[in-house]
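Residues per chain, in single letters:
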Amino acid sequence: MSVCLKILIYVKFKFMSNIFEDDDFVCKHLQLTKKALVSIIREKALKSFSEIQDETDAGTICGTCVADIEEILEEELEKQKME
């Protein structure tokens, strides 16, 4: 991966990513924090929203967290590509 691409990805994550802090609830119904979600994504090597749903049940109650979970997953998958 080129240095320019790595810089662009870093800037996107640093300044343009969602506004969740680690301890913020991504799914309020299940009290799932961003930190817990990221941990599950990494530990279980999850690659899709449906895998996250199977593992956590997030997004199954009202669905308002689906877009946020998908964005966090996308960020994590991009970070993994950089490592």
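Along each chain, the written sequence defines residue order, and numbers are assigned to residues from 1. Residues qualify for local features only when their pLDDT is at least 70, as the model is predicted, and side-chain atom pairs are given and counted only at 80 or more; totals for whole chains, interfaces and linings, by contrast, use all residues. By convention in this description, side-chain values take in all heavy atoms of the structure and omit both hydrogens and water.

## Digging into unusual backbone geometry
Selection criterion: Under the DSSP-based scheme used, a helix requires at least four consecutive residues in state H or I and a strand at least two consecutive residues in state E, with every element numbered from the N terminus.
A positive phi angle, close to 55°, is found at Ala45, a residue other than glycine. Structurally, Ala45 can be placed in the loop between helix H2 (34-44) and helix H3 (49-56). Positive phi outside glycine occurs at Asp57, with the angle close to 70°. Of note, Asp57 is situated in the loop between H3 and helix H4 (66-82).

## Here's the deal with a negative patch on the surface
So the rule is basically this: Patches here are clusters of residues that have more than 30% relative accessible area and form no salt bridge, with a 9 Å joining cutoff for like charges and a 5 Å cutoff for nonpolar side chains (Val, Leu, Ile, Met, Phe, Trp, Tyr). Areas reported as accessible are Shrake-Rupley estimates using a 1.4 Å probe. Residue values count occlusion only from the protein chains shown. Any Lys or Arg side-chain nitrogen found within 4 Å of a carboxyl oxygen on Asp or Glu counts as a salt bridge. None of His or the chain ends enter the tally, which takes Lys and Arg as positive and Asp and Glu as negative. To locate a charge, take NZ of a lysine, CZ of an arginine, CG of an aspartate or CD of a glutamate. Burial classes follow relative accessibility: with a 1.4 Å probe on protein chains only, a residue under 20% of its type's maximum area counts as buried, one over 50% as exposed, and anything between as partly exposed.
A contiguous patch of negative charge on the surface is contributed by Glu21, Asp22, Asp23 and Asp24. For Asp23, the location among the structural elements is in the loop between helix H1 (3-15) and strand S1 (25-27). Here Asp23 falls in the exposed class, since its relative accessible area comes to 61%.

## Quick notes on the packing of H2 against H4
Geometry of a packed helix pair, given as the angle between the helix axes and the separation of the axes. For clarity, the cut-off: As a rule, the C-alpha atoms of each element are fitted with a line to give its axis, helices using only the stretch in contact, and angles between N-to-C directions run from 0 to 180 degrees. Throughout this description, any angle smaller than 35 degrees is read as roughly parallel, any larger than 145 degrees as roughly antiparallel, any in the 65 to 115 degree range as roughly perpendicular, and the remainder as oblique. We call a crossing left-handed when the near helix sits turned anticlockwise from the far one by less than a right angle, and right-handed when that turn is clockwise. Here a residue-residue contact requires only that any non-hydrogen atoms of the pair lie within 4.5 Å. Just so you know the grouping, Ala, Val, Leu, Ile, Met, Phe, Trp, Tyr, Cys and Pro go in nonpolar, Asp, Glu, Lys and Arg go in charged, and all remaining residues, Gly too, go in polar.
One can describe the packing of H2 onto H4 by two numbers: an axis separation of 10 Å at closest approach and a directional angle of 50°. As summarised for this structure, H2 and H4 are arranged oblique, according to the angle between their axes. Our pair here, H2 against H4, has a crossing hand that is right-handed. Two secondary-structure elements touch here, H2 through Lys34, Leu37, Val38, Ile41 and Arg42 and H4 through Ile69, Ile72, Leu73, Glu75, Glu76 and Gln80. For the contact of H2 with H4, the per-class residue count stands at 6 nonpolar, 1 polar and 4 charged.

## Remarks on the nonpolar core
Selection rule: Joining through side-chain atoms within 4.5 Å is the link that ties buried Ala, Val, Leu, Ile, Met, Phe, Trp, Tyr and Cys residues into a set, and such a set is a nonpolar core.
Of all hydrophobic cores here, the largest spans 15 residues; its most connected members are Val26, Leu37, Ile41, Ile52, Ile69 and Ile72. When residues of this core are traced back to their parent elements, those giving at least two are S1, H2, H3 and H4. Ile69 has contacts with Val26, Leu37, Phe49, Ile52 and Ala58, leaving out every residue within four places of it along the chain.

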